[in-house]
Amino acid sequence: MVPVPNLQTPEIRADRSLLVPGPHPPFSHLGATLLRYAVHSALRYALYQLGQAVPESPPTRFVALRLYLDAPSLRDCLGTQAGSQEILGALLNPGGAAVEPLPKRLRGALWFHRLRLTARSAVRGISSRGSTGSRGSSRSSSSPTTRLTELLPALGEALLGDLIAALDRRQLRAAGKDMGPVQSLQAARFLEGCRADLSRLGLPDPILPSWRDSKPPLAAGAPGEWAPAALCFPSHRLRGGFREQYRRLLDLLRPSLLALGGRAMAKGHLVSVDDLFFLPLDLINDLEGASKPKWLDGAIESNREEWQELRGRKAPADTLGNVEPPRRPDLPADLAPLWPLV
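Residues numbered from 1 in each chain as written. Predicted model: local features only at pLDDT ≥ 70, side-chain atom pairs only at ≥ 80, totals over all residues. Heavy atoms only, no water.

**A few points about the packing of aromatic side chains**
Within this structure, the stated rule accounts for 3 aromatic pairs. With centroids separated by 5.2 Å and ring planes inclined at 45°, the aromatic side chains of Phe190 and Trp211 adopt a geometry described as tilted. One end of the pair, Phe190, is in helix α7 (residues 185–191); the other, Trp211, is in the loop between α7 and α8 (223–226), with 21 residues separating them in the sequence. Both residues of the pair, Phe190 and Trp211, count as buried. Between Phe278 and Trp307, the ring centres sit 5.1 Å apart and the planes meet at 65°, which makes this aromatic pair edge-to-face. Here Trp307 lies in helix α10 (residues 296–311) and Phe278 lies in the loop between α9 (241–266) and α10, a separation of 29 residues in the sequence. The burial state of Phe278 is the same as that of Trp307; both residues are buried. (Phe/Tyr/Trp six-rings, centres within 6.5 Å; stacked < 30°, edge-to-face > 60°. Helix = DSSP H or I, 4+ residues; strand = E, 2+ residues; numbered from the N terminus. Buried < 20%, exposed > 50% of the residue type's maximum accessible area, 1.4 Å probe, protein only.)

**A word on the nonpolar core**
Ranked by internal contacts, the top residues of the largest apolar core, which has 67 residues, are Leu50, Leu91, Phe242, Tyr246 and Leu249. By residue number, the principal contributor to this core is helix α1 (residues 29–49), which donates 10 residues. In contact with Leu50, not counting residues within four places along its chain, are Ile87, Leu106, Ala109, Leu110, His113, Leu160, Leu163 and Leu167. If you look at the next biggest cluster of nonpolar residues, it comprises 11 residues, including Ala196, Leu201, Leu331 and Trp339. (Core = buried A, V, L, I, M, F, W, Y, C linked by side-chain atoms within 4.5 Å. Contact = heavy atoms within 4.5 Å.)

**Some details on the confidence of the model for the protein chain**
Chain-level pLDDT for the protein chain is 88 on average; 87% of the residues reach the 70-or-more range. Taken together, the stretch residues 126–138 has pLDDT below 50 and engages in 37 contacts with residues farther than four places along the chain or on a different chain. (pLDDT = per-residue confidence, 0-100.)

**Some words on the packing of helix α4 (residues 104–118) against helix α6 (residues 153–174)**
For the pair α4 and α6, interaxial distance at closest approach is 10 Å and the crossing angle is 120°. With respect to their mutual orientation, α4 and α6 come out oblique. Remark: the crossing between α4 and α6 carries left-handed chirality. Side by side, α4 and α6 meet where Leu110, His113, Arg114, Arg116 and Leu117 of the first sit next to Glu157, Leu160, Gly161, Ile164, Leu167 and Asp168 of the second. (Axes fitted to C-alpha atoms, helices over the stretch in contact; angles between N-to-C directions. Parallel < 35°, antiparallel > 145°, perpendicular 65-115°, else oblique. Left-handed = near helix turned anticlockwise from the far one by under 90°.)

**So, α6**
Think of an α-helix as 3.6 residues a turn; residues three or four steps apart then line up on the same face. The terminal C-alpha atoms of α6 lie 32 Å apart, and with 22 residues this matches the ideal 32 Å at 1.5 Å per residue to within 8%. Of all 22 residues making up α6, 16 are buried, and the element is well covered by its neighbours. Directly beyond the C-terminal end of α6, a positive phi value near 95° is found at Gly176. (Expected span 1.5 Å × (residues − 1).)

**Brief notes about empty space enclosed by the protein**
A complete count under the given rule lists 3 cavities of 30 Å³ or more for this structure. Quantified by volume, the largest cavity comes out at close to 90 Å³. Together, 13 residues line the largest cavity, and His24, Gly202, Pro204, Arg243 and Pro337 are the ones closest to its centre. Of the residues that constitute the lining of the largest cavity, the class distribution is 7 nonpolar, 2 polar and 4 charged. Each pocket or cavity is described by its volume, and for the second largest cavity that value is around 60 Å³. Taken together, Asp15, Arg16, Leu19, Val20, Leu35, Val39, Thr60, Leu67, Tyr68 and Leu69 make up the full set of residues lining the second largest cavity. Listed by contribution, the elements that provide at least two residues to the lining of the second largest cavity are α1 and β3 (66–70). Residues belonging to the lining of the second largest cavity are distributed by class as follows: 7 nonpolar, 1 polar and 2 charged. (1 Å grid on protein atoms, 1.4 Å probe; cavity = no way out; pocket = protein on both sides within 12 Å on 5 of 7 lines; lining within 4 Å. Points joined across faces, edges and corners; volume = space filled by probe spheres on them. Nonpolar A, V, L, I, M, F, W, Y, C, P; charged D, E, K, R; others polar.)

Here it is as structure tokens:
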């Protein structure tokens, strides 16, 4: 694995290695805009907890229907306050080494949240019944946007954990320690052939169910018998929490999305339920209206064609800019949820 260049060089324009690395297929249009909304919400929470400026608009960009953190937007947001350059490095270059020590106030915030997030009671995340605690439900009658609001809080905690892990690992690399790739908790269990929560594994797009409700991509036998060495690394308590929590959120959100698609079909708005996934998040509530929007058929057709065309192309690199792309093992895209994390 080729390391990402140091953030102090100006080459990095965008990066997705902190949250959703690997050769993911293109997102559906609903999946892409949903992830953008989720990342923006979670990032605002995480940065606020660390005493940093929060972005008013999503500091992201789409490339071939994959979501990237956008370097210029993040630089503009974080500015030059104490610790901002290392926060920026953790977001855009989690596989790199720190270039400066962390200020005392940021170290204190990291200590507090690291302790809190690694406590057993604080890492439950999105429960099997619904939201972040013991209460909640899998109501399909709720509107998707209402359901999404109920499920978002755990994502902020998960992204905060990923950010803390990236900051810690960058500091250790700067001190000369060898910090190789790691796996998220459930991905590591799956690769070891142990019982894993499959609702937290799968492609991060609501157009597909998680591996709990679909057949996991097994080459033969149990995962521990075939797992490629390129994917097998030690697990990390916090790293990769966002991608696993997000997949769990999608599992809990899918019933309300499919119910909305079914209602839209009954009204004659959609030809198939899957048409819903080729609309952006901010337009899906238009399907609840009594009359069919005039723009609907054209938008769905155009977006579906774009998605199909991009599926035939190679996934872009995790890091974009005037940098040498990291080498990737020749593995199928459906194994991207098991991609190692720098």
